[in-house]
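# Summary of structural features
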Amino acid sequence: MEDAAERIGGADGAFNIYSYPDPMDLDVVNLEYLDGALYLEEDEPVERYQLAFDELRATALASRQSMELITVVKREFVNRA
């Protein structure tokens, strides 16, 4: 399976997208790092992060598959200990 981070250029860290019901309010992307945070409000960068989020969501496993994968990895980890 292709790694989601490889498919989504530039999305190599955590981010939050804040959207508001009022169309006059701008969507905001929040990037946090060790020494602070960055808030992006301009259309182009926000749209890139929205696209990255959509691609992550499309690549993500379904809830049941995620739980099964976590269970398998947990077993493997416990068996190695």
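Residues numbered from 1 in each chain as written. Predicted model: local features only at pLDDT ≥ 70, side-chain atom pairs only at ≥ 80, totals over all residues. Heavy atoms only, no water.

In total, this model carries two salt bridges according to the counting rule given. With a closest N to O distance of 3.4 Å, Glu44 and Arg48 form a salt bridge. You can see Glu44 and its partner Arg48 sitting in helix α2 (residues 43–59), four residues apart, about one turn around the helix. Classification of Arg48 as partly exposed rests on a relative accessible area of 48%. With a shortest N-O distance of 2.9 Å, Asp54 and Arg57 are connected by a salt bridge. Here the residue Asp54 and the residue Arg57 both occupy positions in helix α2, the gap between them amounting to three residues, near one helical turn. Exposure remark for Asp54: the relative accessible area of 39% places this residue in the partly exposed category. (Salt bridge = Lys/Arg side-chain N within 4 Å of Asp/Glu carboxyl O. Helix = DSSP H or I, 4+ residues; strand = E, 2+ residues; numbered from the N terminus. Buried < 20%, exposed > 50% of the residue type's maximum accessible area, 1.4 Å probe, protein only.)

Attention now goes to the sheet that holds strand β2 (residues 28–33). The three strands are arranged β1-β2-β3 in an open sheet whose pairing can be described as antiparallel. Each having just a single partner strand, β1 (16–18) and β3 (36–40) make up the two edges of the open sheet. Sheet twist, expressed as the mean angle between neighbouring strand axes with direction ignored, is 25 degrees. The pairing of β1 with β2 spans three bridges and is antiparallel. Bridging from a neighbouring strand, Asn16 pairs with Asn30 of β2. (Pairing = 2+ DSSP bridges. Axes fitted to C-alpha atoms, helices over the stretch in contact; angles between N-to-C directions.)

The next subject is α2. An α-helical turn contains 3.6 residues, so a residue and the one three or four places further along point in the same direction. The terminal C-alpha atoms of α2, which comprises 17 residues, lie 24 Å apart, in line with the 24 Å expected from a rise of 1.5 Å per residue. Considered for burial, the residues of α2 that qualify are Pro45, Val46, Tyr49, Ala52 and Thr59. Projection of α2 onto a plane perpendicular to its axis shows the buried side chains occupying an angular sector of 150 degrees, all on one side. Opposite the packed face of α2, turned more than 90 degrees from it, sit the exposed residues Asp43, Glu44, Arg57 and Ala58. (Expected span 1.5 Å × (residues − 1). Arc of directions from axis to C-beta.)

Turning to the environment of Tyr20, a few remarks are in order. For Tyr20, the position within the fold is in the loop between β1 and β2. Setting aside residues no more than four positions away along its own chain, Tyr20 makes contact with Asp25, Leu26 and Asp27. (Contact = heavy atoms within 4.5 Å.)

Note that β2 and β3 share five bridges and pair antiparallel. The residue of β3 that forms the bridge with Leu31 is Leu38. Adjacent in sequence and paired antiparallel, β2 and β3 are bridged by two residues.

Structural measurements only, silent on function.
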